[in-house]
Structures are given as C-alpha cells and as structure tokens.
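# A look at the structure
Below, each chain spelled out in residue letters.
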Protein chains: 2
Amino acid sequence: MPSAVRVRDQDGRMPDFAPVTPDIISALEAIVGADYVLTLEPDLLRYGRDETEDLQYLPEVAVRPNSTEQVSMIMKLAWTHNVPVTPRGGGTGLSGGALPVFGGIVLCIDRMNEIIEIDEMNMMTRVQPGVITGVLQDQVAELGLYYPPDPASNGSCLIGGNIAENAGGPHCVKYGLTKDYVLSLEAVMPNGDVFRTGGKLKKDVAGYNLSQLLVGSEGTLAIVTEATLRLIPMPTTRRTILAPFDSLDTAAKAIVAVYQSRIIPAALELVEKAALAAAEEHLGRAVPYSDAEAQILLELDGYDEEAVDRELMRAGEVLLEAGALDAMLADTPAKTRELWTVRKCLGEAVKKQAAYIECDTAVPPDRVPDLLRGVREVAAEYGIKQISYGHAGDGNIHVNVLTNDPDHAVREATLRPAVLAIFEVATRLGGTITGEHGVGCSQSRYLPMCRDAVAIAAMRAIKDAFDPKGILNPGKVLPTEVPPPVTVGSA
Amino acid sequence: MPSAVRVRDQDGRMPDFAPVTPDIISALEAIVGADYVLTLEPDLLRYGRDETEDLQYLPEVAVRPNSTEQVSMIMKLAWTHNVPVTPRGGGTGLSGGALPVFGGIVLCIDRMNEIIEIDEMNMMTRVQPGVITGVLQDQVAELGLYYPPDPASNGSCLIGGNIAENAGGPHCVKYGLTKDYVLSLEAVMPNGDVFRTGGKLKKDVAGYNLSQLLVGSEGTLAIVTEATLRLIPMPTTRRTILAPFDSLDTAAKAIVAVYQSRIIPAALELVEKAALAAAEEHLGRAVPYSDAEAQILLELDGYDEEAVDRELMRAGEVLLEAGALDAMLADTPAKTRELWTVRKCLGEAVKKQAAYIECDTAVPPDRVPDLLRGVREVAAEYGIKQISYGHAGDGNIHVNVLTNDPDHAVREATLRPAVLAIFEVATRLGGTITGEHGVGCSQSRYLPMCRDAVAIAAMRAIKDAFDPKGILNPGKVLPTEVPPPVTVGSA
C-alpha cells in the first residue's frame, strides 16, 4: 500500500504516518455512516485520480462527511492516530493537489453541497464547500447576480476546491480570481479545531488575513467547511469578438495593443492553430477560422448596452489595426456560446491528442510574445510537439508538451526536460511556474524556480505552525519527495 | 525608559528585550549614517506618536534607512541583540500600529520614497514603501492610470503603511482595498533575511500567498521594502451627488435602497449632523445642507460619459424615492472637490472637538441602520456625545465618542465602557472591531470579540513562525498587555 512508503522530504524529515487500521475504519463509519466510508478498489481508484495527466495514487479509505462537525471529528481521529488526510473537491485539479500521495484518508467534501444563503441585499452568499461552481453561478444569476471565477471545469468543480486552488478562468482578467471573492471562511484545523476568519463583511482588518492565507493553500493548512463569497451585479450586456491572425506573434502583440488602448476586456484569450485542430477533432466539426495561425477571443461586458457597443467598435478597430484578418462579432447568446464552446473544450481536446504535460506558465502580460517565441524554440530544440492557449490578457498561457507514448516513464523521460526548459523561459521573463492550476505534487519540484529560499522557508514555517504533524495533504505545495504514482490497469 | 518595562502577554511569555546601548547606536550610524540616527528628545517624541488619540510612547532611537540592504542590516543587528523594532510609515495610523510600546528602535521608511517604475503597458507600478500615496496617485494619473485606495490621509501617508494596515478609503466600495492592488512584495524578515513574494504578475499561485498574509499584518511579520501594485485605467467621468435627509435612519435605509437598485457606487458615504457641525467649525465656513440630520455622498464614475450620466439620473431617483430632501449634483471638478473637502476633513474636525476615542466599526452593509440605532442607544445610556460618519456603502462606520476632559485617565474611565458597548453592538450584528484602521495596540484587547480562540491561536503561531524572538513591532495585533503610554508635556 502507498502508506507503507516512507520518503524523506528535502529537510530530511520523515512523514512517519500510521496505516489506516480496521479500528480507524470503524471509527470513520461511526462518524459519517457506513455508506460514506469507501474501501473497495474501484472507489479507491476513483479517489486516487484527478485531471492531472496520468497520476494515480491509492488512498486506504475515502470518506464523505456531510457537516463541519463530521470533518472535525475525522481530523481529530486522524490527528490522534497520525494518519494522513487528503481533502478532495470535484477531482478536477490539474496539479495533483487532491491525490493521496502518502495513502491514508481521502476526505471528499462533495456531500457538503448546500447554498446556505444568497443575501441579495448585501450581494453575498454563504455556501458549503461542496457546491458546484456552475450551480452557484446559475442560482445567483437568477437574482441578477454574478460570481465571476469560472475555471473550464465549472460544471463539475466545487467551490471548496476553487478556494483551495485559488481558481481562475477567462473572466479573471477583468474580475479577479477566487481570492477576490472570498470574504471569510469557516475551516477545520489539522487537529480538528474549528475556526472562522470573519463574517459577512466587505471590510474587516481584525488580525492577520487568514482567509487569504487559506485561499490557494491547496488544503495543506486547514479544510474549508464554509465560505462567504462576494457577488456583483450581473452585467446586462455581453459581446464577444473572434479575431483570427496569420501569425502567433502578431496575435500576441495585438493583446499588448488592446491594453495600450485602455480597453477593459472581460476576457482576452489566445488560441493557437494546433489547439484549434485539436478542438475540431474533439468536437467532430469545423470551428470558425481554424486555418488561422492564432485566434484572439475578446469579450466585453457591462451594464450599459450603448457604452459596451461603443467599446466594442473601438476594440474591433484596435484588433484590425494590430493585424487581425477579421473581427467576427458574436452578437447573440448562441453565437457567443459557440465561440466559448471551442475555447472551453481545449483542455479535453488536447488531452485526447496524446500523452502530455501541461505547463501553466504566467508572465507579465506584455511578455507573452517572448514567452510564446521561447516555447517554440524549446519545442524545436527537444523535437517535441507543443500546443499553447490560454488567458493571454492575464499573461497566463497553458503550454502543453506532447508525446505519443502513453507510458508514464517514457513520457517523463521525453517531456520532462522540455518542461524544465519552458519554466526556465517563463521565469527568466519574470514569470511563474503556475498561474492558476496550483503547485500540488506535480509542480512542487519547480517551486524554487520562482520563489526564493527565504520565502519557501517562511511557507514551511507556516505549514508547521498549522500542522506540526504534517498530516494534512502531505507532499503538496512545498518541495517534497513523494512516492512514484502507482500503475493501475490502463491508468 | 519604556524599554525597561517588562510586561507578560496573555500567554505568559515575557518579551525580554535588551536596551539600545551606545554600541548599538554606533552600529546603526555605521549602517545608515549619523544624520539618520535620531536620539534627541524632540525626535523621539515625534517618532513616538501617530494619529491615534493621545497615545505617546518613547523609542530609544529612530533610524531612517534608505535601502533594502540597510533595513536588512538593521534587523540583523536588532535580532542579534534582541532589541524591539517598530516599523513606521507616515505616522498617520489610527490604531497605534507605529508606536514603540516597548521602546527600542523605530525604523522609519520615509526615505525609501522612489517610484521605481510605472509600467504603463502592464498597468503596474513598482514602488519603495516610503512613497506618499497621493504622490503615487498623481504620478500615475498623468499617464491615465488610477491607484484607487485613498485613505483620508493620502497626502501624507506612505504606501508601506497602507500595505501594513490594508488601508481603505471612500472608493473601496467599488474598487477594493489596498490588498486588492498588491501583486507582490519584497520584504525583510525579523532576522534580516530578504525575500520576494512574486513578480509583475496578474496570476501566480506558486505556494502560499505571502503577499496577502503581509498585507494588513501591521508590520509584525516582516518589513515591506518594495511593492508591485496593480493599476487600472483612470475613469474618464466622475459625478457626485449630495443627498440631505431629515433623519439618520432614513439616510441609512437609502443606502440599502441604492444597493437594491444594483447601482454600483464609486463611493457611498454617510455623514451625520454633528459631524457636519464639526466640519463647519473646522473649515470656518458654512457647508451645504449642514442643517440636515444626515447626508449621503454618492459618487459614480466610469469610462463612458453617457452611461455614467444615465446611472446618475437613476441614482438621484433612488435617493429621492428613499426620502432624500434633495439630490444636489456636483457636475464640475470644483464642486466635486468641495463636497469631498467636507467629507475628508471630518477626522481632523472631530479630533478638534474634544478628547475622543474612535470605534472603526464595520457591519454587513444592510445592518448600518441597526448599528447607528445601537450607537445612539449606547451614547444615551452612558451619557456621552458621539459623532458617526463613514463608508456606509461598505458598512464601515467611524463612531467617535467624545469627552471634554483631555486627561488620558479620565478619557479612559469615561469613554472606555461606551467603546466596549459599541463594539458589542457591532459584533452582535455580525460586525468587526476594525474595518480599515487596524488593530495596532489600541484595539488588540477587543480582538477576541470578533475572532475566535482558534483563529487567534493560528495568528499567534504565524507570528511565532516569522518572528520567534518577538522583536518586530511587539505589542500589536495580538492581545498583549502593553505598558501605559507616557505623559509628555501637552501630549
């Protein structure tokens, strides 16, 4: 079992975890009910995977609590027995943050899925962490309200996971990330203690900002059991332009031109030709302008139709002046949906192409042309295929490197040197190794490329302060040597 | 000397600090130059005060470094000798955050006042912490850019202090607080180690969000030596409405009506009659509608003049329907400035009235009417005068309780029970003890009213992780027994 693996982390400490015994299973059943304690192999396989490439780890047990009190009791049990606990949301993560790399307990928050309150008056909502992001968005939309963070997985990802990963999405370029919507949290400490970080307040500076420390901490410091989120009025007008370009470089430079013109895009996405080809294959139909070398998807929104339309005209002109071959307007909801369908399927579409590793690079927005040039040079040097697309307005480009060999070891040997070279390009441009997917276990080895030793030591000290036993989501975020993934059937 | 005072904090730990010896003074002079090491009494008096009521503490020495390296060397020296260090910005704080309550070294960052870069393209700026907020705002405005956080003191407060306190201001209701503009920081640890939290990036989730942990930590975890801040395009249209009301309650309810109508105010301020009277006295002239029981100041802004004007008409109607006696439009920059002059002088104006204590309450915005009702009940019960005004759109109301006796002890005895009662009202409504002024040393005793014991223990563990010796800004944020202020001349 993976829990038998003992691996020292870089500080030489030994996560000396105990195995999950039959007594612990019984205690878990007493807490959540036998129906919600899963120990059969198909369940363990399912709870040992997320959307991160081909990684697979086996938990010893998965539990599905339905209240803060149950989460607290599970953590008290795990704390007492020194058993690792890996919190899990929708399992849509892209950096292995929900994978039980040291075995132990997977604690899935999917049953805690109540929207406790939508406070129209104060434009806030209180939710349990198991609410599906898209469900929350739909519910608040019915009241004319908007929750902007929209990762591509918003039909299945959970708010708790979004908070753990500080999830982004296309509309962050105007509206900010998950962190910008978290007002306060209720959470459970590794030892089972429950705390709140604040209330339904727009301003509150009483003590350290624990809310913001927990957002993006990937479930390594505490388990979020309730969130108070900010909402905004739903924009009443939305317009999308698709602009094809005959070179990736021209498209990347057009993004710079949009910024220079002080247009405020609600989304500003870049897709290159190889990604469009993958989308056509995935969707089984033609997509607009798929012969272009690159496309920009620019969205504008607002509360005054005439004002949005004026900005739209200006944006179209800027794109054409910057070299766009066309500026195709999606002026109906159906046309807008179609353009976004193409953009949103890219993750899945690329995945179907081949075995791949995704580099979630981000650079200062005006360095995107340099990043893309550097990526192409790396691909040429290492003789591999790459597909890039993403939130160019934020400087956040998802670079996928691909191989046709599905074997994990071959994939690693072929692609890993190119991944390292791409991160070297990104960090040399002042960028980061992850713009929105998180560090998890798949990127932690690269953390020292974009964070200095003092900052990493501070993070480690914070982790130790919250979790001196190191039982909560071990092997994530901080550089740690973790066991190799298991090979299971076709995984 | 205050540094001789030895006081245990609530955990029974003893801040066993060493005094500042002549050798330490010499070492400080070697680091920053003799001109920037201040030991004369008038200097020590000045560096021992901020804008917090009548508090006065004496440092043993004040130093004014001009580089990150100098800050690092000062901290290494203090760390080695176990001397407390209190970082100081513009000295405009309202919770005693910059007061050297245990003596030692005051480290003032005012000479580190360079705007290193204004990156128009990426709409970011890199600044040293000693830049005056208003100076930065003016400089970026020349390029059509906007840095929204605008505490009333923005003519003299420093960006470093704003970051330490997570400063707010009237425009936060639309644009967010200081934290929403901090992209990354360079900072010096208590032991002198220097680190960076990231780069010029709009998205970066590599590890724990140390930037957001430092924002609002009041200089207790590390000293910020450089900040990368986000800018936005400067709104091209700005309109302000002044709406007088014949009752405070009606005015407070009108704010709720503004929200219900989904208007997005750029500022939404509430001022009650007693504050207007104080403003007239302070300015030495009449102010508009000073006979009204309360006034609302509502500002709208945007990038499309027609759209802003349409929203303005709607806002005027909402206010009149909600009971406003008038909706007076400031449609020129001069008229707008005049309305804001009145609003922005209130802090100073109230201060001149009498000895006072300010309660920086914040509640969910729709509870402002309940808060104001509760405050009036407390004032009646304790037989004291109160003056309330503030950022009602954010639920952040500055409640001042006043006495005519300037003696510190009398002020404490008369007003302190009312302060406690007002915080009880605020927290019963789901509110906090500080919306934007910080905890410092003046509010730390109240922290347990709005943060539970587990959260406070987590904060204490974070403090210990960063500063195991407790030398950096001791006696702040976390509940700690501090020595009484010194009485010096007329202070």
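Model, not experiment: these values are computed from the prediction. (Residues numbered from 1 in each chain as written. Chains lettered and ligands numbered in written order. Predicted model: local features only at pLDDT ≥ 70, side-chain atom pairs only at ≥ 80, totals over all residues. Heavy atoms only, no water.)

## Overview of the overall build of chain A
When its secondary structure is counted, chain A shows 15 helices and 18 strands. Its C-alpha atoms give chain A principal-axis dimensions of roughly 70 × 55 × 45 Å. Counting every position in chain A, which comprises 491 residues, the buried fraction comes to 65%. With an accessible surface of roughly 16400 Å², chain A has 51% of that area assigned to carbon and sulfur atoms. Once the 44 positive and 66 negative side-chain charges of chain A are each reduced to a mean point, those two points are 2 Å apart. (Helix = DSSP H or I, 4+ residues; strand = E, 2+ residues; numbered from the N terminus. Buried < 20%, exposed > 50% of the residue type's maximum accessible area, 1.4 Å probe, protein only. Areas by Shrake-Rupley, 256 points an atom, 1.4 Å probe, with all protein chains shown as cover. Lys, Arg positive; Asp, Glu negative; His and termini not counted. Charge placed at Lys NZ, Arg CZ, Asp CG, Glu CD.)

## So, the packing of aromatic side chains
Residue and element names in this part refer to chain A. Enumeration according to the criterion identifies eight aromatic pairs over all chains in this entry. Judged by centre distance (5.4 Å) and plane angle (85°), the ring pair of Y146 and Y175 falls under edge-to-face. Of the two residues, Y146 is situated in strand β7 (residues 145-146) and Y175 in helix α6 (residues 172-175); the sequence distance between them amounts to 29 residues. Using a relative accessible area of 8% as the deciding quantity, one classes Y146 as buried. Judged by its relative accessible area of 12%, Y175 falls in the buried class. Aromatic side chains Y147 and Y181 sit 5.9 Å apart centroid to centroid with 75° between the ring planes, which places their arrangement in the edge-to-face category. Here the residue Y147 occupies a position in the loop between β7 and α5 (159-165), and Y181 occupies one in the loop between α6 and β8 (182-188), the gap between them amounting to 34 residues. (Phe/Tyr/Trp six-rings, centres within 6.5 Å; stacked < 30°, edge-to-face > 60°.)

## Describing helix α4 (residues 133-141) of chain A
All names here are of chain A. Considered for burial, the residues of α4 that qualify are T133, G134, L136, Q137 and V140. Viewed along the axis of α4, the buried residues span an arc of 160°, placing them on a single side of the element. Where α4 is buried, its residues contact β5 (115-119), β6 (124-127), β7, α5 and β10 (223-230). (Arc of directions from axis to C-beta. Contact = heavy atoms within 4.5 Å.)

## Some thoughts on the pattern of salt bridges
A side chain with one charge may pair with a side chain of the opposite charge, provided their charged atoms come close. Counting across every chain of the model gives 69 salt bridges over all chains. Residue R126 of chain A pairs with E117 of chain A through a salt bridge whose shortest N-O separation is 3.3 Å. On the basis of relative accessibility, which here comes to 23%, the residue R126 of chain A falls in the partly exposed class. Close ionic contact of K203 of chain B with E436 of chain A constitutes a salt bridge, the shortest N to O distance being 2.8 Å. Pair noted here: K203 of chain B is in the loop between β9 (194-196) and α7 (210-214) and E436 of chain A is in the loop between α14 (408-428) and α15 (453-466), and the two residues belong to different chains. Note on E436 of chain A: relative accessible area 9%, which makes it buried. (Salt bridge = Lys/Arg side-chain N within 4 Å of Asp/Glu carboxyl O.)

## Overview of the domain arrangement of chain A
Residues and elements named next belong to chain A. Taken as a whole, chain A is organised into domain 1 (115-233), domain 2 (237-343) and domain 3 (354-438). For domain 1 and domain 3, the distance between their C-alpha centroids amounts to 29 Å. Taken residue by residue, the interface counts eight residues in domain 1 and six residues in domain 3. Interface area, domain 1 with domain 3, both sides summed: about 490 Å², of which 47% is carbon and sulfur. Counting the surface domain 1 buries against domain 3, the share from its top three residues, E165, G169 and V173, is 55%. (Domains from an automatic or database assignment. Buried area = accessible area lost by both parts, 1.4 Å probe.)

## Some details on the packing of helix α8 (residues 248-260) of chain B against helix α13 (residues 368-382) of chain B
Residue and element names in this part refer to chain B. Relative orientation of the contacting elements α8 and α13 amounts to 155°, with a least axis distance of 8 Å. One way to sum up the angle between α8 and α13 is to call them roughly antiparallel. Helix-helix and strand crossings are classified by hand; for α8 and α13 the assignment is right-handed. Contacts from L248, D249, A252 and K253 of α8 reach α13 at V368, P369, L372, R373 and R376. Partitioning the contact of α8 with α13 into residue classes produces five nonpolar, no polar and four charged. (Axes fitted to C-alpha atoms, helices over the stretch in contact; angles between N-to-C directions. Parallel < 35°, antiparallel > 145°, perpendicular 65-115°, else oblique. Left-handed = near helix turned anticlockwise from the far one by under 90°. Nonpolar A, V, L, I, M, F, W, Y, C, P; charged D, E, K, R; others polar.)

## Overview of the side chain of T52 of chain A
All names here are of chain A. Within the secondary structure, T52 is located in the loop between α2 (41-46) and β2 (61-63). One polar contact links the side chain of T52 to the main-chain carbonyl oxygen of G93, over a distance of 3.2 Å. Engagement of the side chain of T52 in a polar contact is seen with the backbone nitrogen of S95, the distance being 3.1 Å. Sequence-distant contacts of T52, defined by excluding residues within four places in its chain, comprise G93, L94, S95, G96 and S442. (Polar contact = N/O pair within 3.5 Å; in protein donor to acceptor, adjacent residues only side chain to side chain.)

## Here's the deal with the packing of helix α1 (residues 22-32) of chain A against helix α3 (residues 68-81) of chain A
Residue and element names in this part refer to chain A. One can describe the packing of α1 onto α3 by two numbers: an axis separation of 9 Å at closest approach and a directional angle of 165°. As the angle between them shows, α1 and α3 are arranged roughly antiparallel. As α1 packs across α3, the resulting crossing turns out to be right-handed. In this structure, α1 uses I24, A27, L28, I31 and V32 to contact α3, whose residues at the interface are Q70, M73, I74, L77 and H81. For the contact of α1 with α3, the residue count by class is eight nonpolar, two polar and no charged.

## A few points about the nonpolar core
I296 of chain A together with L270 and I296 of chain B are the most contacted members of the largest nonpolar core, which has 191 residues in total. In this view, I296 of chain A contacts I241, L242, A243, F245, A251, A254, I255, L268, E269, L270 and L319 of chain A; residues no more than four positions away in its chain are not counted. (Core = buried A, V, L, I, M, F, W, Y, C linked by side-chain atoms within 4.5 Å.)

## Things to note about the interface of chain B and chain A
Across the boundary between the two partners, chain B contributes 85 residues, which contact 85 residues of chain A. Buried area between chain B and chain A, both sides added, is near 6600 Å², and the carbon and sulfur share of it is 61%. Considering only the surface of chain B that becomes buried against chain A, K203, V205 and Y208 of chain B emerge as the three largest contributors, covering 15% of it. The interface formed by chain B and chain A holds twelve salt bridges in total. Linking chain B with chain A are 26 residue pairs in polar contact (both at pLDDT 80 or more). At the level of elements, β9, α7, α8, α10 (305-321) and α15 (453-466) of chain B are the ones that each hand at least two residues to the side of chain B that touches chain A.

## Observations regarding the relation of the copies chain B and chain A
Both copies of the chain are related by a screw-like operation: a rotation about an axis and a shift along it. Structural alignment of chain B on chain A gives an RMSD of 0.0 Å, achieved by rotating through 180° and translating 0.0 Å along the axis. Seen this way, the second copy is the image of the first under a two-fold rotation axis. Comparing interface residues between copies, 100% of those in chain B also lie at the interface in chain A; the contact surface is shared. (Least-squares fit on C-alpha atoms with pLDDT ≥ 70 in both.)

## Points about unusual backbone geometry
All names here are of chain A. For M123, which is not a glycine, the phi torsion comes out positive at approximately 50°. Mapping M123 onto the fold places it in the loop between β5 and β6. In this model, N166 sits at a positive phi of 50°, which is unusual for a non-glycine residue. With respect to the element layout, N166 can be found in the loop between α5 and α6. On the basis of relative accessible area, N166 is assigned to the buried category, the value being 6%.

## A short note on the sheet that holds strand β14 (residues 294-302) of chain A
All names here are of chain A. In spatial order, the strands read β15-β12-β14-β13-β17-β18-β16; together these seven strands make up an open sheet with antiparallel pairing. Taken across any chain shown, the strands that pair with only one partner, and hence form the sheet edges, are β15 (328-330) and β16 (355-362). With strand direction ignored, the average angle separating the axes of adjacent strands in the sheet is 20°. Summarising the sheet, strand β13 (residues 267-272) and β14 pair through six bridges and their orientation is antiparallel. Bridge pairing links L268 to L298 in β14. (Pairing = 2+ DSSP bridges.)

## Let's talk about the side chain of E165 of chain B
Along the polypeptide, E165 of chain B turns up in helix α5 (residues 159-165). Of the side chains with opposite charge, K476 of chain B lies nearest to the buried E165 of chain B, which makes no salt bridge, at 8.0 Å. Apart from residues lying up to four places away in sequence, E165 of chain B is in contact with V205 of chain A together with S95, G97, G216, E218, E436, H437 and G438 of chain B.

## Describing the sheet that holds strand β4 (residues 105-108) of chain B
All names here are of chain B. In space, the four strands of this open sheet follow the order β1-β2-β4-β3, with mixed pairing throughout. With partners counted over all chains shown, the strands left at the sheet margins are β1 (37-38) and β3 (85-88), one partner each. Direction of pairing for strand β2 (residues 61-63) relative to β4: parallel, over a ladder of three bridges. Bridging from a neighbouring strand, V61 pairs with I105 of β4. Docked against the sheet, helix α3 (residues 68-81) engages β2, β3 and β4, running at close to 170° with respect to β4.

## Notes on the pairing of β4 of chain B
Residue and element names in this part refer to chain B. Of the two faces of β4, the one lined by I105 and L107 and the one lined by V106 and C108 are each fully buried. Bridge analysis of β3 against β4 gives four bridges, and the strand direction is parallel. In the strand pairing of β4, P87 is matched with L107.

## Some details on the environment of G96 of chain B
Residues and elements named next belong to chain B. Residue placement: G96 occurs in the loop between β3 and β4. Expressed as a C-alpha distance, the spacing of G96 and Y57, which sit 39 residues apart in the sequence, is 9.7 Å. Excluding its chain neighbours within four sequence positions, the residues that come into contact with G96 are D50, T52, G440, C441, S442 and K476.

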